[in-house]
Each structure stands twice: as structure tokens, then as C-alpha cells.
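If you want the building blocks of each chain, they are given just below.
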Amino acid sequence: MKITKADGKSEYALIEALKKRNAETDPKIVEIVSSIIGGVKEGGDEALREYTVRFDGSAPKKISVEKEELDAYLDAADGNFKKALIDAKNNIYDFHTRQARQSWFTSNENGVIMGQRVRGLHRVGIYVPGGTAAYPSSVLMNAIPAKIAGVKEIIMVTPPSKDGEPNPNIMAAAAAAGVDRVFLCGGAQAVAALAYGTETIPKVDKIVGPGNIFVATAKKLLYGVVDIDMVAGPSEILIIADKSADPKFLAADLMSQAEHDKMASAILLTTSESLAKTASREIEKQLTSLERWKIIEESLNNYGEIIVCEDIKQAIEFANDLAPEHLELCVEEPLKYIGMIDNAGSVFLGNWSPEPLGDYFAGPNHVLPTGGTARFFSPLSVDSFVKKSSFIYYTKGELEKAGKEIITLANTEGLTAHANSIRVRLEK
């Protein structure tokens, strides 16, 4: 990996390079996806089937998988996988249960009642990729918070395998997470089916879950017709390390994210030039033993860098500017610095809290903001699946007390009909 000495300028060239990854979507892709969306909106199931045959080679004999069938997949799962799945589910459930909010109201002596009603969305759709990007962990991370939020029905779409059958591990995860129904279809056409509904697939209120550029573009174009979680970009990891860090750990953690995608970014900030060189050599040692080494190599060459900083403070300032998806603090006293981290999707503290711990098992959600959006976006949570309504009750006497001030404000804004709505009641 390239090693750069921080000087307040050189290292920020990397941020500019990373921004270019998140440029506007290719107009040709937007055109293709728009056509697919329009086709599914007008043609329903038949259009969905035609697109599935065109892009996947064939359509499954049976598009839907019901709850009882999902449970059968879980029962038939490999014992070790099933145990890991259930243990991860329990950790994720425990963490997200603490996020749940309750409806509330206040009642004053003057008779005024105000409050907020919190309730789960009616129906949510989860997109789960197929092929080499079939991740059971993503099923858990997307479905469990929705379940806790009180979503009435969770629908999942996922592409079938080439033989027309679903991925059994994905189906087992769907059962464990409490998914209600699964439909075997993928791509932009599946997103459109969730947004508009077809004869078979019901319309949903929100679509969550990762996908390729066509899926991400479909979600982006359909935002407003339906809510979405976020438009996710390539995966990111940034590690801040001092001389106490183990270079073997650092190399392994950087590559754990680089293997996702040749566009992924992996950055190490360290106060030790010696550690920087050792970590770089460790990457070379470990790389050849990894199955996805070609992807890792391209990712690290294009979007990876080791930056030697003057001190931890300088490293944290850079981290806050970059706002990474994943941030590891591999330093002697990680808890000392947690309050200084303002912009990061998820923070991993210490040498024994590697990023994959969060991806699979610990409990916090792994659906995180990317591309610098951690400056204003948060991880997927129970809040992502609820809607809130406020309510107000005033007595006649209390409205009369406030009436003149409301009329003054309305008239100041030139909204005389608003003022009149109050005035007719004061004259009663």
C-alpha cells in the first residue's frame, strides 16, 4: 500500500479521490432502470417475469416462498451455521430492542393534551442480493429492527439461483429473522415490484437492503413513491493505530473490507512510521492466501493508503473529515478518544474489536452510511421502521387565551385564512 506522510494537504487528496467514486450515476444506467421501472409499473407480474428471464436466464417455477417453507429451510440448515445464526440473531435483537420508542402524551391542569404516537410501518420490503453477494447476515440486520419496530408484514425479494431455487442459507436467515414472505426475483425489476405492487407482490411502504448499481439506482429513482433506507456506496474502513497495535491485525482488518469490492476503500492512519511499513509488508504476506485477493489488490491499489500522522489528534481530525463507514481505534486507550469521534457509521474500540465482529455478531447494525454521509446519516435502526404522528387537544378556554397571538402570527405571514380559522372560534 502507498504510504503518505500527513502534511495537511497530501492526505486530503485521498478524500477527493474517494469522492469521485460517488459521482452521479451513469445516465445510461438511469435510462435502463427507468425503463424497467416503467415496464413493471404497467405490466405487473408479466413484465417482472420477462425481465427475470432476460437478465437471469430463466424464471423460477414458483415465485413465492411462504412462512412454513422458510421454517423448513431453518430446520434443515447445517448445525454450526444454525447455531451461529441464532446466536447472532439474539445479539442483534438485544441491541435493537433498546432503541424502541414509546408513544407519549402530556396532560396539563388547564385541560390541554399533547403527545406523539409511534407505530411501525404497515409493510416493508427487504432486498437481498443473490450470487456471490448472498449474505444471510444482511437479512438479520434488516429484518430484526423492522420486527421490533412493529412492522406488520416483512416481505423479502431475492434472485433465485440458476436452477430456479432460492439460496438455502438466505431462506434460513429469513426464517430466523421473522420474514413473512419471500419472492424469488431480483434486480431493478424487483425493487419496482415492491414500490408499485403487482398481482403477486404486494406494495410496500419502505425498501431496505443492499444491491448492485441497478438496484441502488432503482431505489434512488423510486424514493418518494416509497421510502428507502439509503443509497449505499462502496464499503469503507479507516483504522487509527498507535505503536501498540499489532500490524498483523491491521493488515487483516484492512483487507476484510477491501475484499467486498474493487471500489472499496481501506485506510490506515498511524502515528508510527515503523508500524506503517510493517503493516504494508503484512498485507503482502496475507494477501496471497485469500480467495478474493485480486479484488483486494485492486481496491488497495486504487483506494487504499497508509498515512503517517503527527499524533492521534491529527488522525481523528482526518477521520471526522472523511466520515467513514467503519472506524477502528486500535490504540492503547480507545475509550479515551470515543468522545472525539463525531463522524463515523460504527466505531470499533481496541485491538480485539475487529470490524467483522460488527458485520456478523455483536449486535449493532451493519447497514451503515457510506461516502461521507456519516456526517448526517445514522445506521439502520428501529427508528428506520417507525412513523410518528403528533396530536393536540385544546379546550375552548385555552384557545381563547392563545387566539390573538395565533392571529398575529398568521397575519404577519399573510395567511389570512389561517387567522380566520381562529377568529371564527373566538367570535363564537
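Everything numeric in this text was worked out from a predicted model, so none of it was measured. (Residues numbered from 1 in each chain as written. Predicted model: local features only at pLDDT ≥ 70, side-chain atom pairs only at ≥ 80, totals over all residues. Heavy atoms only, no water.)

Trainee: Where do I start with the sheet that holds strand S15 (residues 386-393) in this structure?
Mentor: Backbone-to-backbone hydrogen bonds pair the strands of a sheet. The strands run either parallel or antiparallel. Here we have three strands laid out as an open sheet, ordered S3-S4-S15, and antiparallel in their pairing. Sheet topology places strand S3 (104-107) and S15 at the edges, where each strand pairs with a single neighbour. Across this sheet, the average inter-strand angle for adjacent strands is 15°, counted without regard to direction. With four bridges joining them, S3 and strand S4 (residues 113-120) adopt antiparallel strand pairing. By the bridge assignment for S4, Thr 106 is matched with Met 114. (Pairing = 2+ DSSP bridges. Helix = DSSP H or I, 4+ residues; strand = E, 2+ residues; numbered from the N terminus. Axes fitted to C-alpha atoms, helices over the stretch in contact; angles between N-to-C directions.)

Trainee: Help me out: how do you make sense of the pattern of salt bridges in this one?
Mentor: Note that side chains of opposite charge can pair when their charged atoms are close. By the definition in use, this model includes 14 salt bridges. Salt-bridge contacts for Glu 153 lead to Arg 181; the nearest nitrogen and oxygen are separated by 2.9 Å. Of the two residues, Glu 153 sits in strand S6 (residues 153-158) while Arg 181 sits in strand S7 (residues 181-184), which places them 28 residues apart along the sequence. For Arg 181, a relative accessible area of 22% gives the class partly exposed. Residue Lys 401 is joined to Glu 398 by a salt bridge in which the shortest nitrogen-to-oxygen separation is 3.1 Å. Of the two residues, Lys 401 and Glu 398 both sit in helix H14 (residues 396-412), three residues apart, roughly one turn of that helix. (Salt bridge = Lys/Arg side-chain N within 4 Å of Asp/Glu carboxyl O. Buried < 20%, exposed > 50% of the residue type's maximum accessible area, 1.4 Å probe, protein only.)

Trainee: In this structure, what is going on with the nonpolar core? I would like to understand it.
Mentor: The tendency in soluble globular proteins is for nonpolar side chains to be buried as a group. Counting residues in each nonpolar core, the largest one holds 42 residues, and the members touching the most others are Val 139, Leu 140, Met 156, Val 179, Val 182 and Phe 385. Secondary-structure elements contributing two or more residues to this core are helix H3 (67-76), helix H4 (79-97), strand S5 (123-127), helix H5 (136-149), S6, helix H6 (168-177) and S7. Once residues within four sequence positions are removed from consideration, Leu 140 is found in contact with Leu 85, Ala 88, Lys 89, Ile 92, Pro 145, Ala 173, Ala 176 and Ala 177. If you look at the next biggest cluster of nonpolar residues, it comprises 27 residues, including Ile 36, Phe 183, Ala 188 and Ala 192. (Core = buried A, V, L, I, M, F, W, Y, C linked by side-chain atoms within 4.5 Å. Contact = heavy atoms within 4.5 Å.)

Trainee: Would you take a moment to explain unusual backbone geometry for this structure?
Mentor: A negative phi angle is the norm for most residues apart from glycine, just as the trans form is the norm for most peptide bonds. One non-glycine residue, Ala 323, adopts positive backbone phi at about 50°. By relative accessible area, Ala 323 is classed as buried at 0%.

Trainee: Can you help me understand a negative patch on the surface in this one?
Mentor: Residues Glu 310, Asp 311, Glu 317 and Asp 321 make up a contiguous surface patch of negative charge. Overall, Asp 311 belongs to the partly exposed group, its relative accessible area being 37%. (Patch = residues over 30% accessible without salt bridge, like charges linked within 9 Å, V, L, I, M, F, W, Y side chains within 5 Å. Areas by Shrake-Rupley, 256 points an atom, 1.4 Å probe, with all protein chains shown as cover. Lys, Arg positive; Asp, Glu negative; His and termini not counted. Charge placed at Lys NZ, Arg CZ, Asp CG, Glu CD.)

Trainee: I'm lost on the packing of aromatic side chains in this one. Help?
Mentor: Where two aromatic rings form a pair, the distance of their centres and the angle of their planes describe that pair. Enumeration according to the criterion identifies four aromatic pairs in this entry. Relative to Phe 318, the ring of Tyr 12 lies with its centre 5.3 Å away and its plane at 65°, an arrangement referred to as edge-to-face. Here Tyr 12, found in helix H1 (residues 12-21), pairs with Phe 318, found in helix H12 (residues 312-322); they are 306 residues apart in sequence, far enough to count as distant. According to the relative accessible area criterion, Tyr 12 is partly exposed, its value standing at 27%. Centroid distance Phe 249 to Trp 352: 5.2 Å. Interplanar angle 70°. Geometry classified as edge-to-face. Of the two residues, Phe 249 sits in helix H9 (residues 247-258) while Trp 352 sits in the loop between strand S14 (346-349) and helix H13 (355-360), which places them 103 residues apart along the sequence. We classify Trp 352 as exposed; its relative accessible area is 71%. (Phe/Tyr/Trp six-rings, centres within 6.5 Å; stacked < 30°, edge-to-face > 60°.)

Trainee: Would you take a moment to explain helix H7 (residues 187-196) for this structure?
Mentor: The periodicity of an α-helix, 3.6 residues per turn, causes residues three or four positions apart to be oriented the same way. Summarising burial for H7: nine of the 10 residues are buried, a large majority. On its buried face, H7 sits against helix H2 (27-56), S5, S6, strand S8 (206-208) and helix H8 (213-222). Within two residues after H7, Gly 197 carries a phi angle of roughly 80°, on the positive side.

Trainee: Whenever I open this one, the layout of surface pockets confuses me. Can you help?
Mentor: Left-over empty space is what a probe sized like a water molecule reveals as it rolls over the atoms. Roughly 330 Å³ of internal volume is contained in the second largest pocket. Lys 206, Ile 228, Asp 229, Met 230 and Phe 377 are, among the 17 residues lining the second largest pocket, the residues nearest its centre. Residue classes in the lining of the second largest pocket are distributed as eight nonpolar, five polar and four charged. (1 Å grid on protein atoms, 1.4 Å probe; cavity = no way out; pocket = protein on both sides within 12 Å on 5 of 7 lines; lining within 4 Å. Points joined across faces, edges and corners; volume = space filled by probe spheres on them. Nonpolar A, V, L, I, M, F, W, Y, C, P; charged D, E, K, R; others polar.)

Trainee: I keep staring at the packing of H5 against H6 and nothing clicks. Help me out?
Mentor: Helix-helix packing is described using two parameters, namely the angle between the two axes and the distance between the axes. Taken N-terminus to C-terminus, the directions of H5 and H6 make an angle of 20°; their axes are 9 Å apart at the nearest point. The orientation of H5 with respect to H6, classified from their angle, is roughly parallel. Handedness of the crossing formed by H5 with H6: right-handed. Where H5 approaches H6, its residues Pro 136, Val 139, Leu 140, Ala 143, Ile 144 and Lys 147 are matched on the opposing element by Asn 169, Ile 170, Ala 173, Ala 174, Ala 176 and Ala 177. Considering only residue class, the contact of H5 with H6 consists of 10 nonpolar, one polar and one charged. (Parallel < 35°, antiparallel > 145°, perpendicular 65-115°, else oblique. Left-handed = near helix turned anticlockwise from the far one by under 90°.)

Trainee: Would you mind showing me how to read the environment of Leu 322 here?
Mentor: As for its position among the elements, Leu 322 is in helix H12. When the C-alpha positions of Leu 322 and Tyr 12 are compared, they lie 8.9 Å apart, and in sequence the two are 310 residues distant. Other than its neighbours up to four places away in sequence, Leu 322 contacts Ile 15, Leu 18, Leu 238, Ile 267 and Gly 372.

By themselves, these are just geometric observations and shouldn't be taken as functional.
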